[in-house]
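Here is what each chain is made of, one letter per residue.
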Amino acid sequence: MTDCLSALPSSFSVSSGTATGRAAKSLASLLVRTLIGGLGSLFFMRSVSAQTPGTPVDLKTEHLVNPLGIDATTPRFSWRLQDPRRGARQTAWQIQVSTDSLEPGRGAGNSWQPARQASDQTLVTYSGKPLRPFTAYFWRVTAWDQDGKPHTSATARFETGLMHPKNWQGAWISDGADETIKPAPYFRKVFQTGKTIRSARAYVATGGLYELYLNGQKIGNHRLDPMYTRFDRRVLYVTYDVTKQFRTGANALGVLLGNGWYNHQSTAVWYFHKAPWRNRPTFCLDLRITYDDGSVETISSGTDWKTSLSPIRFNSIYTAERYDARLEQPGWNQVNFDDTKWTAAKIRSAPSANIVAQVMHPIRNVEAIPARSLTKLNDTTYVFDLGRNIAGVSQIRVQGPAGTTLRLKHAERLTKDGRADQSNIDMHYRPTDQSDPFQTDVITLSGRGEETFMPHFNYKGFQYVEVTSTQPVTLTQQSLTGYFMHSDVPATGQVNSANPALNKIWQATNNSYLSNLFGYPTDCPQREKNGWTGDAHIAVETGLYNFDGITIYEKWLADHRDEQQPNGVLPSIIPTGGWGYDWGNGPDWTSTIALIPWNVYLFYGDKKILIDNYDAIKRYVDHLEASSPNNLTSWGLGDWVPVKSKAPVELTSSIYYYTDTRILANIARLLNRTDDYTHYSSLAARIRQAINAKYLNQTAARYGSGLQTELSAPLHWGLVPDGLSAAVASQLAQRVEADQAHIDVGLLGTKTILNALSDNGHADLAYRVASQETFPSWGWWIANGATTLYENWPIDAKSDISLNHIMFGEVGAWMYKALGGIKPDPNAPGFKHILLKPNFVKTLDHFEATHQGPHGMIRSAWRRSGSGITYLVTVPPNSTATLFLTDGQAYADGRLLSPTTNAGVSGRQYRLVAGSYQFEIR
C-alpha cells in the first residue's frame, strides 16, 4: 500500500500543540469518570507530560511500572515513544541494564547492553547475565527516531524476589488450630536492629489471606493478598519495601491471617469447604534487611513467633465477617505489647512447594462512595443507599454502649417496605446454621467512644446496607461509606457519544467488569464470586479495550494450567476446589484456554502468553478431537439465559471447537510448529465443513431455523463459505427486524449478534439493537435504574437475576469495534498496525473512542456536519493504520484524497502513518 499522505496538501496537519491539548482534555475527562476508574487511571497523566519528541516513556518490566519482587529470569521490557510528529517511528533501540543505578545514565549496563538494534520493536526480552535474587536492577532505553536521532528515556527499575523456593529461609507456621476454628489468628515477633539500615524487604507467602504490620503500621494498601490460586499446586508471595517503617533498635512484626478461599468455612453448592487443600491459614515470611555496611540479615517466620486469637471471630470471603471490638488487644503489633499470654506458633507443611511471585495489579479500595441517602426505619434500623451497585465493602463509624451488636446486611435491592432484599443473590448459599448470615457483617461494640469497622478479608456485591442494632444508636448519612474494590488495573479506554443511554451502557459494562476482577475474572461479586470461564471469554475484548489487564489474564491462564486434567479437560470455574469438571465445561465455556491468550496477543503483541499456554491449548483441542469423531460436539451449556429462543448446543459448541482449533493452528504457525500447523489447519477445515454440511442451507443462506444466534455465530466466527456472507447477513438482518430490532439471544449470541451485523453491512441495525431502551435490551436495564449489567434480560426474573454480572458485556467492546472502528491487525498485533473501520450510523450525531495501546493513544472520533462527517484520527507513534470507508470519500482541506486500490476489496482504503488527522467524509 502507498501512504495516503502523498495526497494531502502540505498545509494539512494537526499541530502537536492542538493534538496534545485535545488529548489532555480527553484524558482529564477520563480521570474524573469515577465510574470506570480509580487510582489506576492516573497512568494517563504520563502520556501528556512534556517530553522531547521521540523520547521513550512508560517503561515497564513484566507489564508493570518499577515492579518489586519478580521471579522472571528473562523479564520483558516495554516502552512507547512520546512523539506527536507526523510519521513518528522508531528505527533502532538499545537497552542498558545494570545493578548500579548510575550506570544506565552513563550509557552503560553491567548486566545487559546489547548492541544497537535496527528495529522498531518496543517489547523486548532480557537476555543478559543471569539475574540474581534480591537484587535491584536499573534500566533505560535509547530509541532512534525516523531521522536517525537518538532519544534516551529516564531510568526505570525492577527488583527480583526470591526467584526460587530454595531461597526461602522462613518456616511455614500457623497457630496449631484446625480448620474448624473460627477466630482469625494474630502473630507477632519482636527483633533488634543495631546498625543503620539501607533497605528492607518483606516477602510474604500465605495459605489464606493476610495483613502485614511493622511497628503498628499496616504495610501497603493492597486488599485480599495473595490472589486466589489452587493452593496445593501454586502459592503466591508478595514483596514489600518496608524500609521507612523501621526504627533503630527494637522492631515488631505483626501478621493477621484470614481464611480466604484456602480455609472456606461457609457452605454453598460449589463445595468450597471441601477443597483438597483446605486447612487452617498459614504463612511464611522473610524480612531481608540490608545494612549500610553491606551486610544482610533475615528475620524469618518460625516457632519464635507468638500467636493469639484476634477480635475477628469469623471471616468468610464468600459471606461476611464478625468482629467483637471488646476483644481488641491494643498495641498487639507494636514493640512494648505484653504477649506473655500468647502461645508459640507451630510449624506447618507448605500448601505447595511451588511458591511464585505475585506479579500483577493488586486489589485495592479504589474508590470511596459516600451514601447517597439514608432512611431511618426506627431507632434500631437504618438503610443506606450508595446510589450505585458495586463490589467491595462498607465502612461504618458508630458510637454505642459496650456489647451493642450491629448487623450490616448488604443487598442489591430493597423489599417493598424498604428493607434489604437478598432473595436474588442468596439462592446458592447452603448454611448449616444461623451463625453465618449471607453478606451480613456482625459487629459488637466495645463502648470506647466512636468506633470504625471495615471488613479485613471479605468483599460483597451491593448497593444497599441495612444496619440493625440490638440497642438504639444514632447514625447519619455520613456514618457509612462504601468502597469499590477490584484489581486496580489502569484504564486504557474512553467512549463518549451523543446518546446518553449508550454512554450509560458503556459505564455500566465497565462497572460490572471491574466488580468482577479480583485477581481473576468472576461472574458476580455476591452470589458466587466464581471464575466462570464462559463469562470471561465473552467479556475479554471489553476488558482489554478499557483496561490494562494483561497481568490478571496471565495469572488466570496459569490457574488454567494448574486445573487442567492430563486428558486436557478443564473445569467450568477456575480456580476451583473440585467442582465444575463434569458440568458446564464444554468448549462454549472453557474455550478461555484459547480465546484469552489469543486476544491478549492481539492487544499487546506479546507472544509469551501463547508460548506459555500452547501445550495446554493443544491438549484441550486434542481431547475435543478424540471425543468428536464426526467433527461435531454437543458438549456444552449452549446459549445460556436466552431471551426466548436457543440455538442448538451442537451448533454453538462445534463453532467454539472450530474457533479453538483455528486459533491453535495460528499459534502453531507463529511459533514455527510446522507439523502442528498442518494438522490443526486441516482439522479446522474439517470441523467447518461438518458444521456447514449439517446446519447450512446454502440455497436459503440460512443456518438452522434462522435464529439470531444460529445466523450471527457462523458469521462472526468465520464459518460462512466464501461469497455467502452477505446473503447470510441479510437473513440475519431480516430476523432481527422481525424481532423489532431487539435481541433474541443468550450469552453466546451477545458476543456475535452486534458484530455480525456491523461487520457485514448492517451497522445501523446493530446500533438500533444496541441502543434499544425497551425490553429486551441493555438499555432496558439502564432505563430501570441499572448502574451495572444484569444476569437476565427480564428485570423481574424469578431466577438468574444477579444485578452485577459481566457475561452480557460484549456490548462495551462492540462500541470500540463497530462505532469507533478500532481493531487490532492479527498480522501486526499490539496495534502495531491498526485497522480503522468506523461505521457512521445514521441515527447518531457523534461518537468518540480512544484506546491506549502499547504504542500510545489511538483516537477515532466522528461528528455529523452539514457537509457530511468530520472524522478525527490519531495514530500513535511507531504505528500505522489503514482506514476503511465503505461509504463516502475522504477529503482534507477541501481536497479529495486518493485511496489505495486493492483488487477484490470493496470500499476505499487509506494508509496512515503516525500522527493526527482531520478528514471530511462526503
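Fair warning: this is a prediction, and the values are worked out from it, not measured in the lab.

Student: Is there a simple way to explain the overall build of the protein in this structure?
Tutor: Within the protein, the regular secondary structure consists of 16 helices and 43 strands. For 922 residues, the compact-globule estimate of 2.2 N^0.38 gives 29 Å, and the C-alpha radius of gyration of the protein, at 28 Å, lies within 12% of that figure. Along the three orthogonal principal directions, the C-alpha set of the protein runs to about 85 × 70 × 55 Å. Counting over 922 residues, the protein shows a buried share of 63%. Across the protein, every contact between residues at least 6 apart in sequence was considered, and the portion connecting residues at least 24 apart equals 76%. The average position of the 89 basic charges and that of the 81 acidic charges among the side chains of the protein differ by 3 Å.

Student: Explain the environment of Gln245 here, please?
Tutor: Within the element layout of this structure, Gln245 appears in the loop between strand S13 (235–241) and strand S14 (249–258). For the pair Gln245 and Ile219, spaced 26 residues apart in the sequence, the C-alpha separation amounts to 8.5 Å. The residues contacting Gln245, other than those within four sequence positions of it, are Leu214, Asn215, Gln217, Ile219 and Asn251.

Student: Even after reading the chapter, I still don't get the pattern of salt bridges, so can you show me in this structure?
Tutor: Under the defined criterion, the tally for this structure stands at 49 salt bridges. Close ionic contact of Lys376 with Asp379 constitutes a salt bridge, the shortest N to O distance being 3.3 Å. Judged by its relative accessible area of 46%, Asp379 is partly exposed. Within the structure, one salt-bridge network assembled from shared partners comprises Glu62, Arg76, Glu554 and Asp606.

Student: Can you help me understand empty space enclosed by the protein in this one?
Tutor: Where empty space is left in the structure can be found by rolling a water-sized probe over the atoms. Here the structure, examined in full by the defined rule, presents 5 cavities of 30 Å³ or more. When its volume is computed, the second largest cavity comes out at roughly 110 Å³. Leu224, Pro226, Tyr228, Trp261 and Ile317 are, among the 15 residues lining the second largest cavity, the residues nearest its centre. Looking at the lining of the second largest cavity, its residues break down into 13 nonpolar, 2 polar and no charged.

Student: What is the right way to read the nonpolar core from this model?
Tutor: Considering soluble globular proteins, one finds that nonpolar side chains tend to be buried as a cluster. One finds Trp778, Tyr871 and Phe919 to be the most contacted residues of the largest nonpolar core, which totals 202 residues. When residues in this core are grouped by element, the largest group, 11 residues, is from helix H9 (residues 649–670). Apart from residues no more than four positions distant in its own chain, Phe919 is found in contact with Ile869, Thr870, Tyr871, Val873, Leu883, Ala890, Tyr891, Leu897 and Leu912. The next biggest cluster of nonpolar side chains, apart from the first, holds 26 residues, and it includes Ile197, Val238, Phe246 and Phe283.

Student: I tried to follow helix H7 (residues 592–604) on my own but got confused; where do I start?
Tutor: An α-helical turn contains 3.6 residues, so a residue and the one three or four places further along point in the same direction. With 13 residues, H7 should reach 18 Å at 1.5 Å per residue; the first-to-last C-alpha distance of 17 Å fits that figure. Taking burial as the measure, the 13 residues of H7 include 13 buried ones, the bulk of the element. In the stretch just after H7, Gly605 is the one whose phi turns positive, near 65 degrees.

Student: How do you make sense of the packing of helix H13 (residues 747–758) against helix H16 (residues 810–820) when you look at a structure like this?
Tutor: In a pair of packed helices, the angle between the axes and the distance between the axes together describe the arrangement. Viewed as axis vectors pointing N to C, H13 and H16 meet at an angle of 15 degrees, and their least axial separation amounts to 9 Å. Classified by the angle between their axes, H13 and H16 sit roughly parallel to one another. Of the two elements, H13 crosses H16, and the hand of that crossing is right-handed. Contacts from Thr750, Lys751, Leu754, Asn755 and Ser758 of H13 reach H16 at Glu810, Val811, Trp814, Lys817 and Ala818.

Student: What exactly am I supposed to notice about the packing of aromatic side chains here?
Tutor: Counted according to the given criterion, the structure contains 53 aromatic pairs. Centroid distance Trp583 to Trp640: 6.0 Å. Interplanar angle 80 degrees. Geometry classified as edge-to-face. One end of the pair, Trp583, is in the loop between helix H5 (550–563) and helix H6 (587–590); the other, Trp640, is in the loop between helix H8 (608–626) and H9, and 57 residues separate them in sequence. Exposure remark for Trp640: the relative accessible area of 26% places this residue in the partly exposed category. Between Trp598 and Tyr601 the ring centres are 5.3 Å apart and the planes differ by 40 degrees, which places this aromatic pair in the tilted class. Taken together, the residues Trp598 and Tyr601, both in helix H7 and 3 residues apart, mark about one turn of the helix. With respect to burial, Trp598 and Tyr601 carry one shared label: buried.

Student: How do you make sense of helix H12 (residues 725–738) when you look at a structure like this?
Tutor: With 14 residues, H12 extends 20 Å between its outermost C-alpha atoms, agreeing within 8% with the 20 Å of an ideal straight helix rising 1.5 Å per residue. Within the span of H12, buried status applies to Val728, Ala729, Leu732, Ala733 and Val736. Along H12, the residues classed as buried sweep out an arc of 145 degrees about the axis, all on the same side. In the core, the buried residues of H12 are packed alongside strand S35 (702–703), helix H11 (708–716), H13 and helix H14 (763–770). Following H12 by one or two positions, Gln740 adopts a phi angle in the positive range, close to 55 degrees.

Student: Even after reading the chapter, I still don't get the sheet that holds strand S9 (residues 185–193), so can you show me in this structure?
Tutor: Where strands meet in a sheet, backbone hydrogen bonds hold them as pairs that are either parallel or antiparallel. With antiparallel pairing, 6 strands are arranged side by side in an open sheet as S12-S11-S14-S9-S17-S20. The sheet is open, and its two borders are formed by strand S12 (217–218) and strand S20 (343–344), each paired with just one other strand. Judged from the 6 bridges that link them, strand S11 (residues 209–214) and S14 form a sheet pairing that is antiparallel. Of the residues in S14, the one forming a bridge with Tyr213 is Gly254.

Student: When you look at the sheet that holds strand S4 (residues 123–125) in this model, what are you seeing that I'm missing?
Tutor: Read from one edge of the open sheet, 3 strands run S1-S2-S4, paired in antiparallel fashion. Of all the strands in the sheet, just strand S1 (55–61) and S4 have a single pairing partner and so form its edges. Strand-to-strand twist of the sheet, defined as the mean angle between neighbouring strand axes without regard to direction, takes the value 25 degrees.

Quick notes on the rules
Residues numbered from 1 in each chain as written. Predicted model: local features only at pLDDT ≥ 70, side-chain atom pairs only at ≥ 80, totals over all residues. Heavy atoms only, no water. Helix = DSSP H or I, 4+ residues; strand = E, 2+ residues; numbered from the N terminus. Rg over C-alpha atoms; globule rule 2.2 N^0.38 Å. Buried < 20%, exposed > 50% of the residue type's maximum accessible area, 1.4 Å probe, protein only. Contact = heavy atoms within 4.5 Å. Lys, Arg positive; Asp, Glu negative; His and termini not counted. Charge placed at Lys NZ, Arg CZ, Asp CG, Glu CD. Salt bridge = Lys/Arg side-chain N within 4 Å of Asp/Glu carboxyl O. 1 Å grid on protein atoms, 1.4 Å probe; cavity = no way out; pocket = protein on both sides within 12 Å on 5 of 7 lines; lining within 4 Å. Points joined across faces, edges and corners; volume = space filled by probe spheres on them. Nonpolar A, V, L, I, M, F, W, Y, C, P; charged D, E, K, R; others polar. Core = buried A, V, L, I, M, F, W, Y, C linked by side-chain atoms within 4.5 Å. Expected span 1.5 Å × (residues − 1). Axes fitted to C-alpha atoms, helices over the stretch in contact; angles between N-to-C directions. Parallel < 35°, antiparallel > 145°, perpendicular 65-115°, else oblique. Left-handed = near helix turned anticlockwise from the far one by under 90°. Phe/Tyr/Trp six-rings, centres within 6.5 Å; stacked < 30°, edge-to-face > 60°. Arc of directions from axis to C-beta. Pairing = 2+ DSSP bridges.

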